[in-house]
Amino acid sequence: MSRLKIEDIMFWILIAAIVAIAIWLLSGSPDLENALITIGLFIIGSEILLWRKLFSIDKNTAVGFVKVNSDLKEIKNLINIK
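An account of the accompanying structure is given in this report. (Residues numbered from 1 in each chain as written. Predicted model: local features only at pLDDT ≥ 70, side-chain atom pairs only at ≥ 80, totals over all residues. Heavy atoms only, no water.)

### Topic: the overall build of the chain
Move 1: A count of helices and strands for the chain gives 2 helices and 0 strands.
Move 2: The C-alpha radius of gyration computed for the chain amounts to 23 Å, which surpasses the reference 12 Å derived for 82 residues by more than 25%, pointing to a less compact arrangement than a globule.
Move 3: Taken over 82 residues, the chain has a buried fraction of 12%.
Move 4: Of the roughly 7100 Å² of accessible surface on the chain, 70% is carried by carbon and sulfur atoms.
Move 5: Side chains of the chain carry 9 positive and 8 negative charges; the gap between the two charge centres is 17 Å. (Helix = DSSP H or I, 4+ residues; strand = E, 2+ residues; numbered from the N terminus. Rg over C-alpha atoms; globule rule 2.2 N^0.38 Å. Buried < 20%, exposed > 50% of the residue type's maximum accessible area, 1.4 Å probe, protein only. Areas by Shrake-Rupley, 256 points an atom, 1.4 Å probe, with all protein chains shown as cover. Lys, Arg positive; Asp, Glu negative; His and termini not counted. Charge placed at Lys NZ, Arg CZ, Asp CG, Glu CD.)

### So, the side chain of S46
Move 1: Among the secondary structure elements, S46 is positioned in helix α2 (residues 32-81).
Move 2: Reaching out from S46, the side chain makes a polar contact with the backbone oxygen of I43 at a distance of 2.8 Å.
Move 3: When neighbours within four sequence positions are excluded, S46 is seen to be in contact with F11, L14, I15 and I18. (Polar contact = N/O pair within 3.5 Å; in protein donor to acceptor, adjacent residues only side chain to side chain. Contact = heavy atoms within 4.5 Å.)

### Brief notes about the pattern of salt bridges
Move 1: Scanning the entire structure with this criterion turns up 2 salt bridges.
Move 2: For R52, the salt bridge goes to E7, with nearest N and O atoms at 3.0 Å. Highlighted residues: R52 in helix α2 and E7 in helix α1 (residues 6-26), separated in sequence by 45 residues.
Move 3: The exposure class assigned to E7 is partly exposed, which follows from its relative accessible area of 25%. (Salt bridge = Lys/Arg side-chain N within 4 Å of Asp/Glu carboxyl O.)

### Here's the deal with a nonpolar patch on the surface
Move 1: A contiguous nonpolar patch, built from L4, I6, I9, M10 and I13 and spanning about 500 Å² of accessible area, is present on the exposed surface.
Move 2: Relative to the helices and strands, I6 is located in helix α1. (Patch = residues over 30% accessible without salt bridge, like charges linked within 9 Å, V, L, I, M, F, W, Y side chains within 5 Å.)

### Quick notes on α1
Move 1: Taking 1.5 Å of rise per residue, 21 residues should cover 30 Å, and α1 covers 30 Å from first to last C-alpha, within 8% of that figure.
Move 2: Those residues of α1 lying buried are F11, L14, A17, I18 and I21. The buried residues of α1 occupy one face: seen down the axis, they fall within an arc of 125 degrees. Exposed residues pointing more than 90 degrees away from the buried face of α1 are listed as W12, I23 and L26.
Move 3: Following α1 by one or two positions, G28 has its phi on the positive side, about 95 degrees. (Expected span 1.5 Å × (residues − 1). Arc of directions from axis to C-beta.)

Here it is, written out as C-alpha cells:
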C-alpha cells in the first residue's frame, strides 16, 4: 500500500477548490473575471502536480528498464560462456 503524500493532498484540495468556486460562481457571488482567474490558477496548479507525478512514474520505469537490461546482459554472458 502506498503512502499518502503531501502532493496528493494538495491535488485533491485544488480539485475541491475548483468545484467549490464553480458552485459559488453559479450562485452569483464572485465577479466572473476573478472567479475565472482563480479557477484557471487552480487548474494550472493541479496540472503541475499531475505532470510531476507522471514524470516520477516515468523515471521509476526507466530505472526498472535499466535494471532489466543489465540482467539480460548477464544472462546473455552466462549463456555464451558454455
